[in-house]
Amino acid sequence: MVGVDEAQFFDDELVEIAARLSLRGVRVICAGLDLDYLGRPFEPMPRLMASADYVTKVLAVCVKCGGPATRSQRLVHSKDRVLIGDENVYEPRCRHCFAPDEATVEVA
Ligand SMILES: [Zn+2]
């Protein structure tokens with residue numbers, strides 16, 4: 001078995017490698033965010049999910065309303081697509097409470 005975490009940080013080559021390993025009988029499990037901080041598909045996850053035999057979406061709990069959270073609300077200003085951070089930088093939100101233009105702190 002091969003496990004890949006944070007698969008959204010890989011490029012499309014991950015999709016090809018996962019497919020080749022699967023054909024050789026290796027069980028490949030990839031985990032990652034399917035949407036970026038603006039709610040856009042986070043490559044290579046869309047292709048990875050389309051080519052997978054099984055897809056499980058795991059939801060968090062929205063910090064605003066307690067509903068099922070499918071989005072990552074960025075809490076700081078940055079236009080970088082990849083900004084590594086913990087609970088001070090992101091919080092889970094449902095699609096109704098998600099506000100991609102809302103951020104509170106400027107990052108240098
Ligand atoms: Zn909510």
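It should be emphasised that the depicted structure is a prediction, and the values quoted were computed from it without experimental measurement.

(A) The overall build of the protein, seen in detail. When helices and strands are counted, the protein shows 2 helices and 8 strands. Taken from the N to the C terminus, the helices and strands of the protein come in the order β-α-β-α-β-β-β-β-β-β. With the C-alpha coordinates of the protein rotated into their principal frame, the extents come out at 50 × 30 × 20 Å. Burial analysis of the protein (108 residues in total) assigns 19% to the buried set.

(B) Quick peek at the environment of Ala 18. By the element assignment, Ala 18 lies in helix H1 (residues 13-23). Each C-alpha atom, one on Ala 18 and one on Ile 29, is 8.6 Å from the other, the two residues being 11 residues apart in sequence. Apart from the residues within four sequence positions on either side, Ala 18 is in contact with Val 28, Cys 30 and Leu 48.

(C) Here's a closer look at the nonpolar core. Counting 8 residues, the largest nonpolar core consists of Ala 7, Leu 14, Val 15, Ala 18, Cys 30, Phe 42, Met 45 and Leu 48. Mapped onto this core, the elements with two or more residues apiece are H1 and helix H2 (45-51). Top contributing element to this core by residue count: H1, with 3 residues. Dropping the residues within four chain positions of it, Met 45 is found in contact with Ala 7, Gln 8, Gly 32, Leu 33 and Asp 34.

(D) Summary view of unusual backbone geometry. Cis peptide bonds are those with omega within 30 degrees of zero, and the linkage from Glu 43 to Pro 44 qualifies with 10°. Mapped onto the fold, Pro 44 is located in the loop between strand S2 (28-30) and H2. One non-glycine residue, Glu 6, lies in the positive phi region at around 55°. Relative to the elements of secondary structure, Glu 6 occurs in the loop between strand S1 (2-4) and H1. A count of 11 C-beta atoms within 10 Å places Glu 6 in the exposed class.

Quick notes on the rules
Residues numbered from 1 in each chain as written. Predicted model: local features only at pLDDT ≥ 70, side-chain atom pairs only at ≥ 80, totals over all residues. Helix = DSSP H or I, 4+ residues; strand = E, 2+ residues; numbered from the N terminus. Buried ≥ 20, exposed ≤ 12 C-beta atoms within 10 Å, placed from the backbone. Contact = placed C-beta atoms within 7 Å. Core = buried A, V, L, I, M, F, W, Y, C linked by C-beta atoms within 7 Å.

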